[in-house]
Each structure stands twice: as structure tokens, then as C-alpha cells.
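Coordinates in review
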Amino acid sequence: MKKHKHGLAAGDIQPASPDWTIPQGWENYTDTEHATWKTLFERQCKLLPGRACDEFVAGMQDLPMGAEQIPDFDEVNEVLLKRTGWQIVAVPGLVPDDVFFNHLANRRFPSGNFIRRPDELDYLEEPDVFHDVFGHVPMLMNPAIADFIQAYGEGGLRAQQLGFLPQLARVYWYTIEFGLLKQRGELRLFGAGIASSFTESQFCLDSDSPNRIRFDLERVMRTLYRIDDFQETYFVIRDLDELLEFTQIDFAPLYERAQAAPELQPGQILPTDEVFHRGTGAYHRKAQAH
Ligand SMILES: [Fe+2]
């Protein structure tokens with residue numbers, strides 16, 4: 001599966017409004033599009049018990065989101081705003097970094113209003129409504145994640161000015177998109193990129209191939225990631241409150257050290273890592289051979 005990333009060169013597309021938001025246009029979805037949502041939703045709901053963390057499951061339960069149709073953003077926002085002050089806003093696709101960060105800093109999560117094609121269920125060029133709403137919104141119901149992503153938006157605007165965007169983006173990637181955590185002694189997923197992916201929600205927890213390593217902020221800032229395939233390494237946070245602790249830290253000295261140190265390859269393990277599972281690397285070796 002091809003992975004999305006946030007960030008777009010200025011001038012690629014002309015936005016309809018300065019903040020790039022558009023109406024969701026819920027009434028324009030076709031039966032086929034609702035059916036695609038249903039297929040994805042049902043497939044994922046079978047996989048997530050025992051894999052998704054408790055907070056994801058709880059968030060999902062409290063949201064007006066079901067299999068039958070693509071959720072109406074207004075209905076979702078009614079619940080989400082009351083819970084954590086967040087809302088989703090519709091966008092036509094990727095938006096420029098500064099626009100993205102500005103939305104997050106103001107507790108607005110930009111969500112693609114379109115859905116992938118039914119014959120390309122596992123191919124995502126840009127985040128669509130299933131990734132953004134199914135993957136991200138249940139976690140936005142959690143107060144720790146709500147504060148962390150807002151702080152990430154504020155930090156993103158700062159990092160952009162300081163020239164440390166790659167270092168900060170890796171933190172987001174390895175937590176909000178592909179993060180794991182420990183719950184009752186077992187690994188669980190909370191990242192939206194894996195929660196919304198049929199193949200990777202299994203791979204990240206069940207496969208022997210990837211590394212699973214204890215999350216360390218500065219180490220993660222140095223670690224390259226894959227946007228075109230499954231991750232070679234997943235990082236495991238203690239619990240969601242650990243993310244909340246990061247909002248209290250000044251990242252500037254960490255950025256400096258991380259940028260000065262060598263970049264780490266996606267599958268690399270350091271002697272200082274706390275390794276929960278040393279991956280065989282078999283999956284990516286095979287993928288590279290083709
Ligand atoms: Fe995402």
C-alpha cells in the first residue's frame with residue numbers, strides 16, 4: 001500500500017478558500033461510495049478487537065459512525081466538539097504544511113471528503129475519508145491525543161521556521177500514524193495509518209518481520225520512515241499520557257542534537273534501544289528482491 005504524507009508544494013492546486021476547506025458535500029456521495037465505506041468499515045471492525053488500544057475502541061463506540069454510510073461530518077463534530085473541542089473540516093486532499101499545522105493548532109482536523117476506489121481498497125495515494133475519519137477521529141476523542149495533536153500543530157509552525165520539520169514529522173509519523181503502545185502487558189495499535197489499514201493492522205502486531213522498539217523521542221527524530229510500504233520498525237509508547245508529557249518539553253535542544261547526529265535507517269537497531277521484538281526483516285528483503 002502506498003502511504004500518504006502531509007505536505008504539498010505551494011501552487012500544486014488552487015484552494016477554494018485560504019484555509020483550503022470545502023463543504024463535505026455529504027449528499028453527493030453515491031451508493032457505490034457508501035458501499036466502499038461499508039466494506040472497509042466491516043473489514044476493519046473484525047480485525048481491531050484485540051489489536052486496537054482501549055481508547056480507540058471507546059472513542060469509536062461513542063461516535064455516530066457505523067458501517068452503513070460515510071459519516072456526516074456535522075454529526076461527528078457534534079459529539080467530538082463536546083468531548084475534546086476538536087472538529088473535522090473537509091479538504092479536497094493534501095494541504096500545504098503551514099495550512100495543516102494551522103488547522104491542528106486550532107483543533108481542526110483536515111479530512112479528505114473523498115473515498116478510495118472500490119477496486120483499490122488497499123491503495124491510498126492521499127488520505128481519504130476512511131483513513132482520516134475512521135483512523136484519526138476515535139483517537140481525537142481522547143484528551144491526551146487531543147492535546148498532543150494541537151501541540152504538534154503549534155510545534156509544526158515553529159519547527160518550520162527553525163528548519164527542523166523532518167525531525168518533528170518523524171515524531172508524528174511514528175506516533176499518530178503508526179504508533180503502538182502497551183496495554184495490560186500486550187502491544188496494541190493506536191496510529192491511524194495502521195488502524196485504518198487492513199494489511200498493516202495485522203502486519204504491525206502479528207508479523208515477525210518488523211522491529212518493535214521502545215519509543216525514545218530523540219531517537220525517533222533521527223529515524224527515516226517508509227511512505228511506500230509497511231514500516232520496518234514500530235515504536236511503542238508507555239501509554240497515551242507519555243504523549244501528553246511531550247507537550248511540556250521544549251523540543252528545540254532535541255532537534256539540535258537529532259539533526260547533528262546521523263540519520264537512522266527505517267530498519268536499524270541501536271545498541272541503546274530497548275527492543276521488544278527484533279524483526280527478521282524478511283518482508284522487506286523479499287519486497288526489495290522483486
Ligand atoms: Fe493520517
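Residues numbered from 1 in each chain as written. Predicted model: local features only at pLDDT ≥ 70, side-chain atom pairs only at ≥ 80, totals over all residues. Heavy atoms only, no water.

**What to know about the overall build of the chain**
Along the chain, the regular secondary structure elements total 13 helices and seven strands. For the chain, whose C-alpha radius of gyration is 18 Å, the value lies close to the compact-globule estimate of 19 Å for 290 residues. Expressed as lengths along the three principal axes of its C-alpha atoms, the size of the chain is roughly 55 × 40 × 40 Å. Per-residue burial for the chain yields a buried fraction of 53% across its 290 residues. Partitioning the intrachain contacts of the chain with sequence separation of at least 6 by distance along the chain shows that 72% fall at a separation of at least 24. Total accessible area on the chain is roughly 12800 Å²; 49% of this is exposed by carbon and sulfur atoms. (Helix = DSSP H or I, 4+ residues; strand = E, 2+ residues; numbered from the N terminus. Rg over C-alpha atoms; globule rule 2.2 N^0.38 Å. Buried < 20%, exposed > 50% of the residue type's maximum accessible area, 1.4 Å probe, protein only. Contact = heavy atoms within 4.5 Å. Areas by Shrake-Rupley, 256 points an atom, 1.4 Å probe, with all protein chains shown as cover.)

**Section: the side chain of S111**
Here S111 lies in strand β2 (residues 108–112). S111 gets classed as buried once you look at its relative accessible area, which sits at 0%. Discounting residues that sit within four places of it in the chain, S111 has contacts with F73, I88, V89, A90, V91, D132 and V133.

**Observations concerning the sheet that holds strand β5 (residues 211–214)**
Taken together, five strands build an open sheet; the order of strands is β4-β3-β6-β5-β7 and the sheet is mixed. Of all the strands in the sheet, just β4 (186–189) and β7 (275–277) have a single pairing partner and so form its edges. In this sheet, adjacent strand axes meet at a mean angle of 35° when their direction is disregarded. Two elements, strand β3 (residues 180–183) and strand β6 (residues 233–237), share two bridges in a ladder whose sense is parallel. Each bridged residue has a counterpart across the sheet, and for L181 the counterpart in β6 is I237. (Pairing = 2+ DSSP bridges. Axes fitted to C-alpha atoms, helices over the stretch in contact; angles between N-to-C directions.)

**What about the packing of aromatic side chains?**
Within this structure, the stated rule accounts for 22 aromatic pairs. An angle of 85° between the planes, with centres 5.5 Å apart, marks the rings of F41 and F134 as edge-to-face. Taken together, the positions of F41 in helix α1 (residues 31–47) and F134 in helix α5 (residues 129–140) put the pair 93 residues apart, joining distant regions of the chain. Relative accessible area serves as the criterion here: at 8%, F41 is assigned to the buried category. (Phe/Tyr/Trp six-rings, centres within 6.5 Å; stacked < 30°, edge-to-face > 60°.)

**A closer look at the coordination of the iron ion**
At 2.0 to 2.2 Å from the iron ion lie its protein donor atoms, namely H131 (NE2), H136 (NE2) and E177 (OE). One chain supplies every donor to the iron ion, and in sequence these donors are spaced H-x4-H-x40-E. Taking the relative accessible area as the measure of exposure, H131 reaches 2% and is therefore buried. (Donors = N, O, S within 2.8 Å, 3.2 Å for Na, K, Ca; no water.)

**Here we look at the packing of α1 against α5**
For the pair α1 and α5, interaxial distance at closest approach is 11 Å and the crossing angle is 35°. Considering how the two elements wind past one another, α1 and α5 form a crossing that is right-handed. From α1, W37, L40, F41, Q44 and C45 reach across to α5, where they touch V129, F130, V133 and F134. Per-class residue counts for the contact of α1 with α5 are eight nonpolar, one polar and no charged. (Left-handed = near helix turned anticlockwise from the far one by under 90°. Nonpolar A, V, L, I, M, F, W, Y, C, P; charged D, E, K, R; others polar.)

**So, the environment of P110**
Note that P110 resides in strand β2. Overall, P110 belongs to the buried group, its relative accessible area being 6%. Considering only alpha carbons, one finds P110 and T21, 89 residues apart in sequence, at a separation of 7.7 Å. For P110, the residues in contact, after removing those within four places along its chain, are V89, V91, F100, H103, L104 and D132.

**Considerations on the confidence of the model for the chain**
Close inspection of predicted coordinates is inappropriate for parts of the model with low pLDDT. Looking at the chain as a whole, its pLDDT mean stands at 94, while 96% of the residues score no less than 70. Below a pLDDT of 50 lies the segment residues 1–7, which in the model reaches 39 contacts outside its immediate sequence neighbourhood of four places, other chains included. (pLDDT = per-residue confidence, 0-100.)

**What to know about unusual backbone geometry**
Most peptide bonds take the trans configuration, and most residues that are not glycine carry a negative phi. Backbone geometry places W20, a non-glycine residue, at a positive phi of 70°. Looking at the secondary structure, you find W20 in the segment before α1. Positive phi, normally seen in glycine, also occurs at R107, with a value near 60°. Mapped onto the secondary structure, R107 falls in the loop between α4 (97–105) and β2. You can call R107 buried: its relative accessible area is 16%.

**Focus: the environment of R51**
With respect to the element layout, R51 can be found in the loop between α1 and α2 (54–62). Judged by relative accessible area, which is 17%, R51 ranks as buried. Between the C-alpha atoms of R51 and L205, which are 154 residues apart in sequence, the distance is 7.5 Å. Other than its neighbours up to four places away in sequence, R51 contacts R188, L189, S201, Q202, L205 and D206. Separated by 2.6 Å, the side chains of R51 and D206 make a polar contact. (Polar contact = N/O pair within 3.5 Å; in protein donor to acceptor, adjacent residues only side chain to side chain.)

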